[in-house]
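The chain contents come next:
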Amino acid sequence: MKRILTAALLSILAVAAGGCNDNGSGFGVSNQARVRAVNAAPDAATLKVSVGGNTIGDNLSYTQATDYKTVDSGEQEVVVETVVGQQKIIDQQSAFTAGADYTMLVVGAGSDVTLLNITDDNATPPSGQAKFRVIDAIPGAPVSFDVYFTPPGTDLTTATPSLTNLTTGTASSYAALAAGTYQVQITQAGSKTVLVDGGTVTLNAGDIRTAVLLAAPGGGTPYSAVLLTGG
């Protein structure tokens, strides 16, 4: 399959999430949470996302993500609608815990578009380390995935994946990595067949990164990813 994700593309798609405080929440207001939205539906139109009546993302094209926005904790109405025609495609209640951070993805294809609300961990990594996880947002992906973080140019033949058996609609655990430069490669689970080559990514001590696996526009292969900063 085509390996289309380069380090330059990862850099272009990186989304700044803002600073975080020592408790990992990024803010000190006890009755609020933080949420960022990602348009991960390959055949969806440009979208507007609102939480509790407040817009957190507008004109979100496929693969685009917002930075974190504060929302009230508790049960909140989440509305996702098309920018053109204001057609509601999602209108539901979602729970947000005070002090927590979330990545909220619009996922699925065709008429089966839903929300995937993932809790983020923005707590500072141990000294000298970074954290990296992957979310599989590919609708109905026929395979599961392994993720390798290796020194650039490493032959995967004898390498061991850091994250394994990632399936559609799930987030991996966070891989704890020493600060440094890594080649990120995503393969079909249990094989060395690279489906997404992320090129090289430099992780500084304290960095927290999330990569979101995506289908091609309209669905299917080649798969790619967008790299988020924070969580």
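Here the structure is shown first, and the text comes after it.
Quick summary incoming for the structure in this document. (Residues numbered from 1 in each chain as written. Predicted model: local features only at pLDDT ≥ 70, side-chain atom pairs only at ≥ 80, totals over all residues. Heavy atoms only, no water.)

**Notes on the overall build of the chain**
The cut-off we apply is this: Secondary structure follows DSSP: runs of H or I at least 4 residues long count as helices, runs of E at least 2 residues long count as strands, and numbering of each begins at the N terminus. Relative accessible area decides the class of each residue, using a 1.4 Å probe on protein chains only: under 20% of the type maximum gives buried, over 50% gives exposed, and in between gives partly exposed. Contacts: residue pairs with any heavy atoms within 4.5 Å of one another. All accessible areas in this document rest on Shrake-Rupley with a 1.4 Å probe, and a residue is counted as covered only by the protein chains that are shown.
The number of helices and strands found in the chain is one helix and 16 strands. Taking all 231 residues of the chain together, 48% fall into the buried category. Counted over contacts in the chain with a minimum sequence separation of 6, partners at least 24 positions apart contribute 62%. Of the accessible surface of the chain, which amounts to about 9800 Å², a share of 48% is contributed by carbon and sulfur atoms.

**Here's the deal with the environment of I186**
Structurally, the position occupied by I186 is in strand 13 (residues 180–188). As for I186 and Y148, which are separated by 38 residues in sequence, their C-alpha atoms are 6.2 Å apart. Not counting the four nearest positions on each side in its chain, I186 is found in contact with F145, D146, V147, T193, V194, L195, V196 and L213.

**Focus on the sheet that holds strand 10 (residues 145–150)**
Which entries qualify depends on this criterion: Whether two strands pair comes down to DSSP finding at least two bridges between them. Fitted lines through C-alpha atoms serve as axes, helices being fitted only where they are in contact, and the angles separating the N-to-C directions of these axes extend from 0 to 180 degrees.
Taken together, four strands build an open sheet; the order of strands is 11-10-13-14 and the sheet is antiparallel. Looking at which strands have only one partner, the edges of the open sheet turn out to be strand 11 (163–166) and strand 14 (194–203). Adjacent strand axes in the sheet meet at a mean angle of 20° when their direction is disregarded. Two elements, strand 10 and strand 11, share two bridges in a ladder whose sense is antiparallel. Counted as the bridge partner of F145 is L166 from strand 11.

**Let's talk about the pairing of strand 6 (residues 88–96)**
Bridging between strand 5 (residues 74–82) and strand 6 involves eight bridges; their strand directions are antiparallel. Residue pairing in the sheet places V80 in a bridge with I90 of strand 6.

**Observations concerning the sheet that holds strand 7 (residues 101–109)**
Read from one edge to the other, the open sheet built from four strands follows the order 4-1-7-8, with strand pairing classed as mixed. Looking at which strands have only one partner, the edges of the open sheet turn out to be strand 4 (69–72) and strand 8 (112–120). Between one strand and the next, the sheet's axes are offset by a mean angle of 35°, whatever the strand orientation. The sheet contact formed by strand 1 (residues 32–39) and strand 7 spans six bridges and is parallel. Note that in strand 7 the partner of V38 across the bridge is L105.

**Section: the pairing of strand 15 (residues 208–214)**
Regular strands show a simple pattern: their side chains alternate between the two faces of the sheet. Within strand 15, seven of the seven residues are buried, which leaves it mostly tucked inside the rest of the structure. Examined bridge by bridge, strand 9 (residues 129–136) and strand 15 share six bridges and lie parallel to one another. Paired with F132 across the two strands is R209, which belongs to strand 15.

**Structural notes on unusual backbone geometry**
The residue after T221, namely P222, is reached through a cis peptide bond having omega 5°. Looking at the element boundaries, P222 is found in the loop between strand 15 and strand 16 (224–229). Its identity is not glycine, yet N59 carries a phi of approximately 55°, on the positive side. For N59, the position within the fold is in strand 3 (residues 54–60). Residue classification places N59 among the partly exposed residues on the basis of a relative accessible area of 47%.

**What about the nonpolar core?**
Soluble globular proteins tend to bury their nonpolar side chains together. The line we're drawing: Among buried residues, the Ala, Val, Leu, Ile, Met, Phe, Trp, Tyr and Cys ones that are joined through side-chain atoms within 4.5 Å form a nonpolar core.
L105, F132, V134, F145, F149 and L213 are the most contacted members of the largest nonpolar core, which totals 39 residues. What F149 contacts, discounting residues up to four positions off in sequence, is F132, S162, L163, A175, L177, Y182, Q183 and V184. The next biggest cluster of nonpolar side chains, apart from the first, holds 20 residues, and it includes A33, V49, I90 and F96.

**Quick word on the side chain of N39**
What counts is decided by this rule: In protein, a polar contact requires one atom able to donate a hydrogen and another able to accept it; more generally it is a pair of N or O atoms within 3.5 Å, and residues adjacent in sequence count only if both atoms are side-chain atoms.
Mapped onto the fold, N39 is located in strand 1. Under the relative-accessibility criterion, N39 is labelled buried at 1%. A polar contact is formed between the side chain of N39 and the backbone nitrogen of A41, at a distance of 3.3 Å. Setting aside anything within four residues of it in sequence, one finds N39 in contact with A44, A45, L47, L60, S61, Y62, T63, Q64 and V106.

Shape descriptors only; they carry no functional weight alone.
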